[in-house]
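# Inside the fold
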Amino acid sequence: MKVQRLQILDDDGKLLNPDLEPNIPKETLIRALETMVQVRLLDEKGIRLQRQGKVTFHIFTKGQEAHVAAALALSDDDWVYPAYREHGIALFRGFSLEDLVNHLFANIKDKEKGRRLPGLFGSLKHNFVNPSAPIGTQIIQAAGTAYAMKMQKEEKVTAVFFGDGASSSNDFHSGLNFGGVTKSPVIFICQNNQWAISVPFRRQTAAENIVDRAKGYGIEGIQIDGNDFLAFYTAVKQARERALRGEGPTLIESITYRVTPHTSSDDPKAYRSEEEVKKWEQKDPIKRFKNYLIGKKYISEKDYEKMVERNSELLDELIDKAETLPKPGLSTLFDDVFETIPPYLLEEKEELLEFYKEA
Amino acid sequence: MVETNMVGAINMALREEMERDESVVVLGEDVGKDGGVFKVTAGLIDKFGPERILDTPLNESGIIGFAVGMALKGMRPVAEIQFIDFIWPAADQIISEAAKFRYRSGGEFTVPMVIRSPYGGGVKGAHYHSQSPESIFAHTAGIKIAVPSNPYEAKGLLLSAIRDPDPVLFMEPKRIYRAFTQEVPEGEYTIPLGEADVVREGSDVTLVSYGSMLHVTLDAALMAEEQHGISCEVINLRSIVPLDIETIGRSVTKTGRFISVSEAPRTAGFSAELSALVAERWIEYMESPIFRVTGYDTPFPMILESQYLPTPERVLAKIVESYNY
């Protein structure tokens, strides 16, 4: 099936179609760019910290920063289920860089209490759901959350991110099917970044596009240039309006590319060419969005450089601070299994503490 | 008071709780107009409508994943898995999602939901309508497991399960769904999860069971008394997670003999856990080996199910062996 791909900015950040340009306040756009910059800096610093053995793991977002546009198109009250490369949405909603850095270090201030691989975090306050690691599980959960919103008669939607690999998971099928049948206000956002670790998109499905599946579930579908901030924003905004009108879910296929390894544990040289990566680097979402803002005279190249410098310094400070904080104590092992610790678990806890003589 | 069977008691619990708390939602296959294949949800759709009594697509992982998403957003879903033998597609959503959200999010995201499912043999249902997989979920951190053995318990435990802040697997012994009736109070009462019940006092042998096997165990205890003059104490666990270790301990330190009865396969079954527990804590009180009467390590049969399942006679044989050791 040949589909139309929504694109508003060209590869250099010039408006391809000025009629489609969304009307977003200048300050909001600049804050979005800053969030994208922060996410990229987290990548640069995160992988260095991992290589130095200071954090256990790093998961990259580079090349997929246009997802921040979804945070602008959604209301802060809407729920977002990230896959695990959507840190920018939490940050844009006010999740602090300090909290995120503490999380990376799994220190005593880490909200996840040192239980998760760095990058797998959530925040109830920011309606940003704590992600899993098994692929695709959040897709059906998002449909359930959206159904709950409908029952609670709230003017909210749920947006869920996942990758092209997840489009093969059973929970993708469950999610789109349950969402469609119940006409729940849910937006399915597939970040088709062409690679599920080492397996290329062509090995995930014989269908030409992931968005083709929408028809089979009786829901709306749209394909976008996923490195185009304005296209991303527009698609999510339209999907949200449809959902709130009671017209049900939308599947957005965002065509993007993972220019980095899958995680700090992966070496893509084994399975893909440098040329392919270089080709996609030309479509860098930050470059395009920055040029758009420069074109609109909202910022200058110098402003951008200062923005990078400022955030880099801020992150370095936060990292220095986070590094010195102690790790969560032994007794936290038994917290949050249940709301109240049952006697048998309390017994296990006392046994462990006694063995290691810690209070 | 209403004289009702277990199906009626569960239906009553759902109806009353849905009246009391509008965040309670029932979902599953055929739970609507059909009232469920065992009629447990009969009539609820007429009272609460198709949004709160949600007939879902035929997809178990979908049912549970959808319920997880609802629970995260403040609802109290009660999801039905038509037969617990069909639960495996949902294992990921139960084990890695529902049971882990609280822990993995540092206590922020919680999943107060109930999974109701008929389990167990004795209905000539063959392999895919008879199994008893509680030990797999008992091995899973973050989920509680309740197993009623009569209508009164079914209502009281289900109300506790729905109000619990954590996910609860509520296993319904379908063999005794309609086996007998009992007086069940209308309105509010709960039976806490984690409190066993000593249903028969005795001094010679401690018998521990739950669900439909409790009745097999009670029959055996009666036979032991009448035929051999052996006095058995029978403990009904009611919930296996959390487990009421204290009540078991009080009994075995008194009797010095222990037999657990469960219908699941023997190896690594919940009876194995009970045996280990007693051996670890109270071995010096024991006057005979710690025994278990269980199903066998085979797939669940059909024609031979009466031989596969523990019977009062098989339990009695172990009681006598234990007593005469």
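These numbers come from a predicted model, not from an experiment.

What counts, and at which threshold
Counting starts from 1 at the beginning of each chain's written sequence and moves along it residue by residue. Key to labels: chains lettered from A, ligands numbered from 1, both in the order written. Owing to the predicted nature of the model, reporting of local features is limited to residues with pLDDT of at least 70; listing and counting of side-chain atom pairs is limited to 80 or more, with chain, interface and lining totals taken over all residues. Hydrogens and water molecules were not included; the side-chain quantities draw on all heavy atoms of the structure. Helix numbers and strand numbers start at the N terminus; a helix is a DSSP run of H or I with at least 4 residues, a strand a run of E with at least 2. Our radius of gyration is a C-alpha quantity, and the globule rule it is checked against amounts to 2.2 Å times the number of residues to the power 0.38. Think of it in three bands: residues with accessible area under 20% of the maximum for their type are buried, residues over 50% are exposed, and the middle band is partly exposed, with areas taken using a 1.4 Å probe on protein chains only. We call two residues in contact whenever any of their non-hydrogen atoms come within 4.5 Å of each other. Under the convention used here, a 1.4 Å probe and the Shrake-Rupley method define accessible areas, while residue burial counts only the protein chains that appear. Here the positive residues are Lys and Arg and the negative ones are Asp and Glu; neither His nor the chain ends is included. Note that the charge is assigned to NZ on lysines, CZ on arginines, CG on aspartates and CD on glutamates. Aromatic pairing here means that ring centres of Phe, Tyr or Trp (its six-membered ring) are within 6.5 Å. Orientation follows from the plane angle: under 30 degrees is stacked, over 60 is edge-to-face, and everything else is tilted. Here, axes are lines fitted to C-alpha atoms. For helices the fit covers the stretch in contact, and angles between N-to-C directions go from 0 to 180 degrees. By the definition adopted for this analysis, an angle is roughly parallel if under 35 degrees, roughly antiparallel if over 145, roughly perpendicular if from 65 to 115, and oblique otherwise. Take the far helix as your reference; a near helix turned counterclockwise from it by less than a right angle gives a left-handed crossing, and one turned clockwise gives a right-handed crossing. Basically, the charged four are Asp, Glu, Lys and Arg, the nonpolar ten are Ala, Val, Leu, Ile, Met, Phe, Trp, Tyr, Cys and Pro, and anything else, Gly included, counts as polar. By definition, two strands form a pair when at least two bridges between them are found by DSSP. The rule is simple: put a 1 Å grid over the protein atoms alone, call a set of points where a 1.4 Å probe fits but cannot get out a cavity, call an open set with protein on both sides within 12 Å along at least five of seven lines a pocket, and count a residue as lining if it has an atom within 4 Å of a point. Grid points are joined across faces, edges and corners, and a volume is the space filled by probe spheres set on the points. Accessible-area loss on putting two parts together, using a 1.4 Å probe and summing over both, is the definition of buried area adopted here. One side-chain nitrogen of Lys or Arg within 4 Å of one carboxyl oxygen of Asp or Glu is enough to make a salt bridge. Two N or O atoms count as a polar contact when they lie within 3.5 Å, although within protein this holds only if one can serve as hydrogen donor and the other as acceptor, and sequence-adjacent residues are included solely when both atoms are side-chain atoms. Each patch is built from residues that are more than 30% exposed by relative accessible area and take part in no salt bridge. Like charges join if they lie within 9 Å; nonpolar side chains (Val, Leu, Ile, Met, Phe, Trp, Tyr) join within 5 Å.

Each helix and strand counted, chain B has twelve helices and 14 strands in total. Computed over the C-alpha atoms, the radius of gyration of chain B is 19 Å, within 12% of the 20 Å expected from 2.2 N^0.38 for a compact globule of 325 residues. The dimensions of chain B, computed from C-alpha atoms along their principal axes, are 60 × 45 × 40 Å. Out of the 325 residues belonging to chain B, those deemed buried represent 64%. For chain B, long-range pairs separated by at least 24 residues make up 81% of all intrachain contacts whose partners lie at least 6 apart in sequence. Just so you have it, chain B exposes about 11100 Å², and 52% of that area is on carbon and sulfur atoms. Looking at chain B, you have 29 positive and 45 negative side-chain charges, and the mean spots of the two groups are 1 Å apart.

Taken as a whole, this structure holds 22 aromatic pairs over all chains when the rule is applied. When the centroid spacing of 5.3 Å and the interplanar angle of 45° are considered together, the rings of A:Trp195 and A:Tyr271 count as tilted. Here A:Trp195, found in strand 5 (residues 195–196), pairs with A:Tyr271, found in the loop between strand 8 (250–255) and helix 9 (274–281); they are 76 residues apart in sequence, far enough to count as distant. Between B:Tyr296 and B:Tyr308 the ring centres are 6.2 Å apart and the planes differ by 75°, which places this aromatic pair in the edge-to-face class.

Here we come to the packing of helix 1 (residues 6–20) of chain B against helix 2 (residues 44–52) of chain B. All names here are of chain B. Orientation of helix 1 relative to helix 2, taken along the N-to-C sense of each, is 60°, at an axis distance of 11 Å. Here helix 1 is positioned oblique relative to helix 2, judged by the angle of their axes. For the crossing formed where helix 1 meets helix 2, the hand is left-handed. Touching Asn-11, Leu-14, Arg-15, Met-18 and Glu-19 of helix 1 are Leu-44, Lys-47, Phe-48 and Arg-52, all from helix 2. Looking at the contact of helix 1 with helix 2 residue by residue, the classes come out as four nonpolar, one polar and four charged.

So, on to the sheet that holds strand 3 (residues 53–55) of chain B. Within a sheet, neighbouring strands are paired by backbone hydrogen bonds and run either parallel or antiparallel to one another. Residue and element names in this part refer to chain B. Read from one edge of the open sheet, seven strands run 3-2-4-5-7-6-12, paired in mixed fashion. In this open sheet, the two strands that pair with only one neighbour each are strand 3 and strand 12 (239–241). The average undirected angle you get between the axes of adjacent strands in this sheet is 20°. In this structure, strand 6 (residues 144–146) lies alongside strand 7 (residues 168–173), joined through three bridges in parallel fashion. Note on strand 7: the bridge partner recorded for Ile-145 is Leu-169. Its contacts with the sheet place helix 1 against strand 2 (24–28), strand 3, strand 4 (76–80), strand 5 (114–119) and strand 7, and it is angled at close to 135° to strand 2.

It is worth spelling out the packing of helix 1 (residues 26–51) of chain A against helix 11 (residues 301–324) of chain A at this point. Residue and element names in this part refer to chain A. Where helix 1 contacts helix 11, the two axes come as close as 9 Å, and the packing angle between them is 45°. Taken together, the axes of helix 1 and helix 11 are oblique relative to one another. The two elements helix 1 and helix 11 cross, and the hand of that crossing is right-handed. In this structure, helix 1 uses Ile-30, Leu-33, Glu-34, Val-37, Gln-38, Leu-41, Leu-42, Lys-45 and Leu-49 to contact helix 11, whose residues at the interface are Tyr-304, Met-307, Val-308, Arg-310, Asn-311, Ser-312, Leu-315, Asp-316 and Ile-319. Looking at the contact of helix 1 with helix 11, its residues break down into eleven nonpolar, three polar and four charged.

A separate point is the layout of surface pockets. Size it by volume and the largest pocket reaches roughly 760 Å³. What lines the largest pocket is a set of 29 residues, and nearest its centre among them are A:Tyr344, A:Glu348, B:Ala138, B:Glu273 and B:Leu277. Of all the secondary-structure elements, those providing two or more residues to the lining of the largest pocket are helix 12 (343–356) of chain A together with helix 6 (134–138), strand 12 and helix 10 (270–282) of chain B. Per-element tally for the lining of the largest pocket: the top contributor is helix 10 of chain B, with seven residues. Of the residues that constitute the lining of the largest pocket, the class distribution is 18 nonpolar, five polar and six charged.

All names here are of chain B. Within strand 5, six of the six residues are buried, leaving the element largely enclosed by the surrounding structure. What you see with strand 5 is no split at all: Val-114, Arg-116 and Pro-118 on one side and Ile-115, Ser-117 and Tyr-119 on the other are buried throughout. With three bridges connecting them, strand 4 and strand 5 associate as parallel partners. Looking across to strand 5, one finds that Glu-80 is bridged to Arg-116. Summarising the sheet, strand 5 and strand 7 pair through six bridges and their orientation is parallel. In the sheet register, Arg-116 faces strand 7, and the bridge partner there is Phe-170.

Each partner contributes residues to the interface: chain B has 44 residues there, and chain A has 48 residues. Its largest share of buried area at the contact with chain A, chain B owes to B:Phe66, B:Lys73 and B:Tyr103, together 21% of the area lost on that side. Counting the contacts that link chain B with chain A gives three salt bridges. The interface formed by chain B and chain A holds 20 residue pairs in polar contact (both at pLDDT 80 or more) in total. Elements with a minimum of two residues in the side of chain B that touches chain A: helix 2, helix 3 (60–72), helix 4 (91–98) and helix 5 (101–104) of chain B.

It is worth spelling out the side chain of B:Thr255 at this point. By secondary structure assignment, the location of B:Thr255 is in helix 9 (residues 245–255). Once you skip the residues sitting within four places of it in the chain, B:Thr255 turns out to touch B:Gly202, B:Ser203, B:Asp204, B:Val205, B:Thr206 and B:Glu287.

This part covers a negative patch on the surface. On the surface, A:Glu305, A:Glu309, A:Glu313, A:Glu317 and A:Asp320 cluster together into a patch of negative charge. Residue classification places A:Glu317 among the exposed positions, given a relative accessible area of 54%.

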